[in-house]
Amino acid sequence: MTELPHRRLHGLACLIATACVWLAATAQFTHGQAEPVPAKAIPSKPPHPSLSVDDEWIFDFKDEKERKTNEARFAALVSSGSMGGVADKKLIQEVIRWRLAQFTLKINREAATTPPPVKEEKDKEKDKDNKKKEPPEKRGKPVHELRQLIQRDITQSSALNKPRQVRDEILKAIIAEIPPLFKYDFVARLNGAILLGQLNETDDPEVPYADANKLLLKLATDEAEHQAVRIWGVKGLVRMAAYEQMNPAIKMEIVRTMLGLLEASNKKLTKDQKQELEWSWFNLRVVECLGYSNTLMVDQKPLVFKALAQTLYDEDEPLEVRAEASRSLSHLPLDGTVNVHAVVWETMQVLQSLSAKYAEGKSPSVARAKINALTLYLAFNHMNTQEQRRGYGFINQANKPALGGVKKVITEAKDLMLPHVTAILNGTALPKSTKLDEWVKNNPPKDFRIGPSLELLRADLAGNAR
């Protein structure tokens, strides 16, 4: 069988990574799904309270004339990029507050799902005959478009080398005015979380807006919040963790928070709960955030490696989360103090499980297998030149002198993994698993500890016994 060239896998990487983001945000809320939902994935608990909130955040200007005047003044500020004194600052705050309040209005929440009325031909003929036409029915603007309008104004306010004053003030106004939004309905809160997570200090190069970190941390850790909103909170933190020049204190707070979330998940969730779609996506994003943090040690201990390695070894976790744990481990600044051999070996065990699921040929296992296969591929290989520069992927890590002892293990594992990944991505028959099975059997690490003098990854692995 001809192996898929790496450049084609990289192209698939971009395509499927985009699909992953879309699935994460929409999987719980899509109607008319092509794939049947497994019975155990259907929640028996009552709907989240935010799905039934109907209150509106009422904030408006004195009248229509004042609203239009203020919007025109705001547009002029955005166009110039510079502002005057206190009056301009107050105007920006009020316009941002008004726009955020619009997220909560029922007419806007329903606009994306309610099609415009279709007139019958006879009604159209009547309109032609009537000199005085009825005023058009008032329709809202979909909430995601309201969010995009704010994002557009942020970008335009500092485009073409304009002064940054207006952009800075808009960003500050969002942070100051957005907290009340999270008392309202799900659609408003979800778009508020997306807005916070996508705020940029600058757009080219793209620099995440660090001052949003506290609000994003609050969303990510709020157990009373809807899981989808929390996921977008974590996604915003992923961007901050991945930014190399992020304030070290902010990055460490993000890392500690993600470690706490993983630990809490392991303590309170049963195997069935971990397999639920909402929790699997949440834990996946937490794991992803730790991988992009470029942090190995916390309090002079390899706590990030430990948390991700234990997630990789946790057979109660869905394959998506375990595969992402392997990829995230391959992003860390690995050295000789941690057990890379044990991680690579367990990654191949995950590949065995993934191949077995794919071989069943059942939907949605096949679709999910493609995403998982790509993730495992990216545990060994970088996706783009930026990842290559950062040394992501076990193959790049193997070039470090400190990891010379595991280079052979990494190379052999990558060569065995590629035909399986290629078959799954191409939708073709898997190669015989004999070589993979023999390699796993014959290449266990000598020690299953996380690192020298540290605890075992799993107690039942002592003495290389599975």
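Owing to the predicted nature of the structure, the values given are computational and were not obtained by experimental measurement.

Cut-offs and rules
- Residues numbered from 1 in each chain as written.
- Predicted model: local features only at pLDDT ≥ 70, side-chain atom pairs only at ≥ 80, totals over all residues.
- Heavy atoms only, no water.
- Helix = DSSP H or I, 4+ residues; strand = E, 2+ residues; numbered from the N terminus.
- Contact = heavy atoms within 4.5 Å.
- Areas by Shrake-Rupley, 256 points an atom, 1.4 Å probe, with all protein chains shown as cover.
- Buried < 20%, exposed > 50% of the residue type's maximum accessible area, 1.4 Å probe, protein only.
- Core = buried A, V, L, I, M, F, W, Y, C linked by side-chain atoms within 4.5 Å.
- pLDDT = per-residue confidence, 0-100.
- Phe/Tyr/Trp six-rings, centres within 6.5 Å; stacked < 30°, edge-to-face > 60°.
- Lys NZ or Arg CZ within 6 Å of the ring centre and 35° of its normal.
- Axes fitted to C-alpha atoms, helices over the stretch in contact; angles between N-to-C directions.
- Parallel < 35°, antiparallel > 145°, perpendicular 65-115°, else oblique.
- Left-handed = near helix turned anticlockwise from the far one by under 90°.
- Nonpolar A, V, L, I, M, F, W, Y, C, P; charged D, E, K, R; others polar.
- Salt bridge = Lys/Arg side-chain N within 4 Å of Asp/Glu carboxyl O.

*Asks:* What is the right way to read the overall build of the protein from this model?
*Replies:* A count of helices and strands for the protein gives 21 helices and 2 strands. Across the protein, the fraction of contacts at a sequence separation of at least 24, relative to all contacts at a separation of at least 6, is 74%. In the structure as shown, the protein presents an accessible area of about 23,500 Å², 53% of it carried by carbon and sulfur atoms.

*Asks:* What should I look at first to understand the side chain of Arg327 in this one?
*Replies:* By secondary structure assignment, the location of Arg327 is in helix H15 (residues 319-329). Overall, the relative accessible area of 9% leaves Arg327 in the buried class. Leaving out residues up to four positions away in the same chain, Arg327 has contacts with Tyr292, Thr375, Leu378, Ala379, Met383 and Glu387.

*Asks:* Would you mind going over the nonpolar core with me for this structure?
*Replies:* Side chains that are nonpolar tend, in soluble globular proteins, to be buried together. By size, the foremost hydrophobic cluster in this structure holds 128 residues, and its most contacted members are Ile174, Leu196, Phe305 and Met348. Excluding residues within four positions of it along the chain, Ile174 makes contact with Ile96, Ile150, Ile154, Leu195, Leu196 and Leu199.

*Asks:* Explanation requested: the confidence of the model for the protein in the structure shown.
*Replies:* Close reading of the predicted structure is inappropriate where its pLDDT is low. For the protein, per-residue confidence averages 87 on the pLDDT scale, and residues scoring 70 or more make up 83% of the total. Within the model, pLDDT remains below 50 along residues 1-43, and this stretch shows 62 contacts once partners closer than five positions in the same chain are excluded.

*Asks:* Which parts of the structure should I look at to understand the packing of aromatic side chains?
*Replies:* Two descriptors summarise a pair of aromatic rings, namely the distance from one centre to the other and the angle between the planes of the rings. Counted under the stated rule, the structure contains 7 aromatic pairs. Centre to centre, the rings of Phe59 and Phe61 are 6.0 Å apart; their planes meet at 65°, and the pair counts as edge-to-face. Taken together through their ring pairs, the aromatic side chains of Phe59, Phe61 and Trp98 make up a single cluster. If you follow Arg97 out to its NZ or CZ, it ends over the ring of Phe59, 4.9 Å from the centre. Lying across the ring of Trp232, Lys235 places its NZ or CZ 4.8 Å from the centre.

*Asks:* What's the story with the packing of helix H16 (residues 340-360) against helix H20 (residues 407-426) in this structure? I'm lost.
*Replies:* Geometry of a packed helix pair, given as the angle between the helix axes and the separation of the axes. Viewed as axis vectors pointing N to C, H16 and H20 meet at an angle of 20°, and their least axial separation amounts to 11 Å. By the criterion of interaxial angle, the relationship of H16 to H20 is roughly parallel. Handedness of the crossing formed by H16 with H20: left-handed. Of the residues in H20, those touching H16 at Val340, His341, Val344, Met348, Leu351, Leu354, Ser355 and Tyr358 are Val409, Ile410, Ala413, Leu416, Met417, His420, Ala423 and Ile424. Its residues placed into classes, the contact of H16 with H20 shows 13 nonpolar, 3 polar and no charged.

*Asks:* Explain the pattern of salt bridges to me, please; I cannot follow it from the model alone.
*Replies:* Note on pairing: side chains with opposite charge can pair once their charged atoms come close. Scanning all chains against the criterion turns up 27 salt bridges. A salt bridge links Glu71 to Arg67; the nearest nitrogen and oxygen atoms lie 2.6 Å apart. One end of the pair is Glu71 and the other is Arg67, both in helix H2 (residues 64-80) and 4 residues apart, which spans about a single turn. Here Lys274 and Asp314 are joined by a salt bridge, their closest N and O atoms 2.7 Å apart. Separated by 40 residues along the polypeptide, Lys274 in helix H12 (residues 271-275) and Asp314 in the loop between helix H14 (303-313) and H15 bring together distant segments of the chain. Taking the relative accessible area as the measure of exposure, Asp314 reaches 16% and is therefore buried. When salt bridges with common partners are traced through the structure, they connect Asp54, Arg109 and Asp185 into a single cluster.

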